[in-house]
Amino acid sequence: MRNIIKIGLALIIAFLIQTSFLKIRLPLLLLIDVFSLIVIYFALKGGEIHGMFTGTAAGLIQDSFTFTIFGINGFSKTILGFFAGVIGSMIEIRQMIVLFPLIFIGILFETIVNFFLCYLVGVKAQQLNAQILIFQPFLTAIVGSIIFKIIFKFEK
Amino acid sequence: MQFTLTKRKKISILIGLLLFHLIIISIQVPLGREVGFVFKKSIFVILSTIQDTGHKLYFSIKNFWKGYIFLRNTFQEKEKLKRENLSLKAQNWLLKRELEKIKKEKSLAQSHLLIAEVIGIDSMSIYRSLVINKGYNHGIKKNLPVLDENYNLIGKIVEPISNNQSTVQLITDIESGVGAITSETKAIGILTGNLTGKCYFKYIYQTQKIKIGEEVVTSGMDKIFPRGIKIGKITKIKQDKGLFKEIEVLPYFRLNELESLLVLIK
C-alpha cells in the first residue's frame, strides 16, 4: 500500500513538472522526460512488476494530456518498466557508470517503440531527429543518474 | 522452481498489460478516438483539477510575494487594470469586427471573447496542445477558436473538456487543419503544423502567385474559424516538381509569451 501511495505521489509530481507551463520559459527542461525517470526508478527499486504498473500508469497519464491515440505511451512505458526491472535485478545499479547507459538506452528504446507504434496505427508523430533520438535520452540520463545517485545515497 | 514460476507470472502480467493497451489502441484506430475517451477524460478531469490547483497556488504565492512584500496594493491594481484593459481591448476588437462584418454578413454579431489562462502544456510536444482553466461551466465547447492577446490565431478547443478545464489544439500541431487565405494574392489552402513551431500552407498550385512576407489569415471555409483572423507570415516558398508548392508559415503567436488567451464563444 505504501508503495502504491509513493508511486501515485511520484506520478503526480512528474505530471506537474512534465506539463508545467514554466517549462516553456526554461527550454532545457523540455528535453527531460520526467515520466520515464519515474518508471525507471520504481523498476530499479521494486522490480519488473512495479516497473510495469508504474509504466502503464505514467503512459496513460501522458496519453491523457496529449493529442494522440490513448494507450500508445502506456504501451511503450510498460515495456520500459519491464526491461528496467529485469536489468535492475541482474546488475548493481547504484553506480553512475551503470545508471547513465541504463537510462539512456531505456529511453532511446522507449522512443523507438513509441514511434514504431505511431507508424503502425497511422498517427502523425514528430519526425525522428537528433534532438529526440540523442539529446532527450542523453539529457534525461544525465539528470536521472545524478538524481538517482542522490536518492540512493540518502536511502543508504 | 519458485523463481521460474515468478518469472512466468511476471511475463504473463507483461503480456496482459500490453494486450490491454493494444486492445484500447486497436479499438480507437478504426472507430475513432472517442472510443478511448472514457479513460482519457477520467484521467484528464482528475489531473487537470490538480494542475489548476497547482497553477493557482503558484500564482497566489507569486502574487503574495510581489503584492505584499514589494508593492502592496500597487501590484493588485496593476493586475486588475491589465485584466480590464485586455477585456476592453477584446470588446473593442469585437466591435470593430462586428462593424466590418455587418456590412457583409452577421457571423460574429453574437460572439464574445472569454479570457482564459494557460495552466499546462502537452505532455509530449509543446507545439501540440495546451490546457486552459475554462471549461463547460464557462460556455466552452468543442471547436471554438482560440486567440492570443493580440487576436492572432492559436488553435481551437478539442476534447477532453471538463467543467473547469479544457484542451486547446495548437495550429502548430501536425494534425491540425485551418482553412487559410493569403491577404494579397488571395491564394486559398489549408494550414497545418509540423510540431516545430512552424506551419505549412498546403494545396497551393505551382501556378498560383504567392510571395514571401505575405500575411496568412483564416479563410472561414472550414466553418470553424471565422474569416479574417491573422495567423502568420510566409517565410519560405519551395517550388519543386510536384503539383503543389511547399510553403512555410511562421505563426504570429509566441508560445513563451502566452499567459492569457481568448476563446471566441459563438
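Check the entry above for the structure.
### Describing the overall build of chain B
Part 1 of the reasoning: From N to C terminus, chain B includes three helices and 12 strands.
Part 2 of the reasoning: Sorting the 266 residues of chain B into buried and exposed places 45% on the buried side.
Part 3 of the reasoning: Summed over its atoms, the accessible surface of chain B is roughly 14500 Å², and 59% of this surface lies on carbon and sulfur atoms.

### Focus on the pattern of salt bridges
Residue and element names in this part refer to chain A.
Part 1 of the reasoning: Under the defined criterion, the tally for this structure stands at nine salt bridges over all chains.
Part 2 of the reasoning: With its nearest N and O atoms 3.7 Å apart, the salt bridge here joins aspartate 33 to lysine 77. With aspartate 33 in the loop between helix 1 (2–18) and helix 2 (34–46) and lysine 77 in helix 4 (residues 72–90), the pair connects residues that are 44 residues apart, well separated along the chain.
Part 3 of the reasoning: The class for aspartate 33 is buried, based on a relative accessible area of 7%.

### Focus: the sheet that holds strand 1 (residues 112–121) of chain B
Residue and element names in this part refer to chain B.
Part 1 of the reasoning: Pairing is antiparallel in the closed barrel, where six strands are placed in the order 1-2-5-4-3-12. Taking each pair of neighbouring strands and ignoring which way they run, the sheet shows an average axis angle of 45°.
Part 2 of the reasoning: Examined bridge by bridge, strand 3 (residues 145–147) and strand 4 (residues 153–161) share three bridges and lie antiparallel to one another. Its bridge partner lying in strand 4, proline 145 is registered against lysine 156.

### Considerations on empty space enclosed by the protein
Part 1 of the reasoning: Per the counting criterion, the structure on display carries two cavities of 30 Å³ or more.
Part 2 of the reasoning: What the largest cavity holds in volume is close to 40 Å³.
Part 3 of the reasoning: Along the walls of the largest cavity sit Gly155, Lys156, Gln169, Leu170, Ile171, Ser176, Gly177, Val178 and Phe225 of chain B, which together make up its complete lining.
Part 4 of the reasoning: Elements represented by at least two residues in the lining of the largest cavity include exactly strand 4 and strand 5 (166–170) of chain B.
Part 5 of the reasoning: Class assignment for the residues of the lining of the largest cavity results in four nonpolar, four polar and one charged.
Part 6 of the reasoning: When its volume is computed, the second largest cavity comes out at roughly 30 Å³.
Part 7 of the reasoning: Taken together, Ser64, Phe65 and Thr66 of chain A together with Phe44, Ile121, Asp122, Ser129, Leu130, Val131 and Thr167 of chain B make up the lining of the second largest cavity.
Part 8 of the reasoning: A total of three residues in the lining of the second largest cavity trace back to one element, the largest contributor, which is strand 2 (residues 129–132) of chain B.
Part 9 of the reasoning: Residues belonging to the lining of the second largest cavity are distributed by class as follows: five nonpolar, four polar and one charged.

### Quick look at a nonpolar patch on the surface
Residue and element names in this part refer to chain A.
Part 1 of the reasoning: Nonpolar side chains collect at one region of the surface, where Met96, Ile134, Phe135, Phe138, Ile142, Ile146, Ile150 and Phe154 lie side by side and expose about 760 Å² of accessible area between them.
Part 2 of the reasoning: The dominant element in the nonpolar patch, judged by the number of residues it contributes, is helix 6 (residues 130–155), at seven residues.
Part 3 of the reasoning: Within the secondary structure, phenylalanine 154 is located in helix 6.
Part 4 of the reasoning: The exposure class of phenylalanine 154 is exposed, given its relative accessible area of 72%.

Rules and cut-offs
- Residues numbered from 1 in each chain as written.
- Chains lettered and ligands numbered in written order.
- Predicted model: local features only at pLDDT ≥ 70, side-chain atom pairs only at ≥ 80, totals over all residues.
- Heavy atoms only, no water.
- Helix = DSSP H or I, 4+ residues; strand = E, 2+ residues; numbered from the N terminus.
- Buried < 20%, exposed > 50% of the residue type's maximum accessible area, 1.4 Å probe, protein only.
- Areas by Shrake-Rupley, 256 points an atom, 1.4 Å probe, with all protein chains shown as cover.
- Salt bridge = Lys/Arg side-chain N within 4 Å of Asp/Glu carboxyl O.
- Pairing = 2+ DSSP bridges.
- Axes fitted to C-alpha atoms, helices over the stretch in contact; angles between N-to-C directions.
- 1 Å grid on protein atoms, 1.4 Å probe; cavity = no way out; pocket = protein on both sides within 12 Å on 5 of 7 lines; lining within 4 Å.
- Points joined across faces, edges and corners; volume = space filled by probe spheres on them.
- Nonpolar A, V, L, I, M, F, W, Y, C, P; charged D, E, K, R; others polar.
- Patch = residues over 30% accessible without salt bridge, like charges linked within 9 Å, V, L, I, M, F, W, Y side chains within 5 Å.

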